[in-house]
Amino acid sequence: MSKFFPPSELPINSDGSAFHLHLRPEQLADKVILVGDPGRVSLVAKYFDEIECEVESREFHTITGTYITTSGEKKRITVQSTGIGCDNIDIVMTELDALANIDFATRTEKETFRQLTLIRIGTCGGLQPDTPIGTFVASVKSIGFDGLLNYYARRDEVCDLELEEAFKQHMNWSPLKGAPYVATADPQLIEKVAGTEMVKGITIACGGFYGPQGRQIRIPIQDPEQNNKVESFRYTTSVATQNAMENEQKSTDKNAPSTELKICNFEMESSALAGLSALLGHRAMTCCMVIANRYAKEMNTEYKSSIEELIRLVLNRI
């Protein structure tokens, strides 16, 4: 017998829509592009050939429509804003999965699983000399400083525990911060979308923009050497881990990520997206454009027009 989800656990609005997103099941496409900024939803959807629906609620702005690729392929895509932070990803991922896999009329899980493909298009801070402003970064693995995945059972099944331990030792990690976790993006999706245009590496998803990312304004931070240690971290995957990655990639050895990984960028959502998607059975990845380089101490606040190249790339490859 299917599990019943009571209203206190899964709130559903009177019009049959998800509580926060205000989206109804029939309005969700199988392909989903996630953006943080609600205004960026319209920036993505302006490339659609047809708009099916548009819904707005708080920071959650949704447009579902049809996009025709440069090769003539017709795709139904939902563009969904999440707002800032892993806490919002928890809301968005849970409700998108519910829209796909829970019958809202009976409040029970559907017999047939519906898998979603989700790509986050975001902005980030580069942490290496080879990630200057304007670089596109694909997050192969994401280290979550936020602790979100630690609240869910089976987190160890979808996390890279070996990398977690190596990172904590390298950072001399303070237990006051809570345990970091390492989530892995879908390997096939990374290969399909990243191509040669994106730098592939580790991303850190922070629980804030200032202190957690090593910015000191009027309050000193707990570890002034945090960013120097982050920049110097290198991780060489074990033979067993590398073989597992190659098997997941179905023998696309020539495009496999290097066995040595380094931390390329800071952002605020990728770990929750990769981790929750893996637990729920969906395919997900994050790609970001670098708008600040922490290594060079440079920032581009006028980035909105230049991110359209990344948007067009994702639309054609999702």
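These lines cover the structure that appears in this document, whether it is placed above or below.

Parameters and conventions
- Residues numbered from 1 in each chain as written.
- Predicted model: local features only at pLDDT ≥ 70, side-chain atom pairs only at ≥ 80, totals over all residues.
- Heavy atoms only, no water.
- Buried < 20%, exposed > 50% of the residue type's maximum accessible area, 1.4 Å probe, protein only.
- Helix = DSSP H or I, 4+ residues; strand = E, 2+ residues; numbered from the N terminus.
- Lys, Arg positive; Asp, Glu negative; His and termini not counted.
- Salt bridge = Lys/Arg side-chain N within 4 Å of Asp/Glu carboxyl O.
- Polar contact = N/O pair within 3.5 Å; in protein donor to acceptor, adjacent residues only side chain to side chain.
- Contact = heavy atoms within 4.5 Å.
- Patch = residues over 30% accessible without salt bridge, like charges linked within 9 Å, V, L, I, M, F, W, Y side chains within 5 Å.
- Areas by Shrake-Rupley, 256 points an atom, 1.4 Å probe, with all protein chains shown as cover.
- Expected span 1.5 Å × (residues − 1).
- Axes fitted to C-alpha atoms, helices over the stretch in contact; angles between N-to-C directions.
- Parallel < 35°, antiparallel > 145°, perpendicular 65-115°, else oblique.
- Left-handed = near helix turned anticlockwise from the far one by under 90°.
- Nonpolar A, V, L, I, M, F, W, Y, C, P; charged D, E, K, R; others polar.

**Re unusual backbone geometry**
Argument step 1. Phi angles above zero are rare outside glycine, and histidine 22 is one such case at about 60°.
Argument step 2. Residue classification places histidine 22 among the partly exposed positions, given a relative accessible area of 32%.
Argument step 3. Its identity as a non-glycine residue notwithstanding, arginine 107 has a phi of 60°, on the positive side.
Argument step 4. Locating arginine 107 in the fold gives a position in the loop between strand E5 (102-103) and strand E6 (108-109).
Argument step 5. On the basis of relative accessibility, which here comes to 12%, the residue arginine 107 falls in the buried class.

**Things to note about the side chain of arginine 107**
Argument step 1. Salt bridges are absent for the buried arginine 107, whose nearest opposite-charge side chain, glutamate 9, sits at 9.4 Å.
Argument step 2. A polar contact of 2.7 Å, which involves the side chain of arginine 107, links it to the backbone oxygen of leucine 10.
Argument step 3. In this view, arginine 107 contacts Lys3, Phe4, Phe5, Pro6, Pro7, Leu10, Ile12 and Ile102; residues no more than four positions away in its chain are not counted.

**Concerning a nonpolar patch on the surface**
Argument step 1. A cluster of nonpolar side chains, contributed by Phe209, Tyr210 and Ile217, occupies part of the molecular surface with about 340 Å² of accessible area.
Argument step 2. Note on tyrosine 210: relative accessible area 47%, which makes it partly exposed.

**Looking at helix H2 (residues 86-101)**
Argument step 1. The end-to-end C-alpha separation of H2 is 22 Å, in line with the 22 Å expected for 16 residues at 1.5 Å each.
Argument step 2. Most of H2 is tucked away, with 13 of its 16 residues classed as buried.

**A word on the packing of H2 against helix H8 (residues 270-280)**
Argument step 1. With their axes 9 Å apart at the nearest point, H2 and H8 run at an angle of 30° to one another. Relative to H8, the element H2 is oriented roughly parallel. Crossing geometry of H2 relative to H8 is assigned as right-handed. Between H2 and H8, the residues in contact are Cys86, Ile89, Asp90, Met93 and Asp97 and Ser271, Ala272, Leu273, Leu276, Ser277 and Leu280, respectively.
Argument step 2. Within the contact of H2 with H8, the residues separate by chemical class into seven nonpolar, two polar and two charged.

All we've got here are geometric facts, nothing functional implied.
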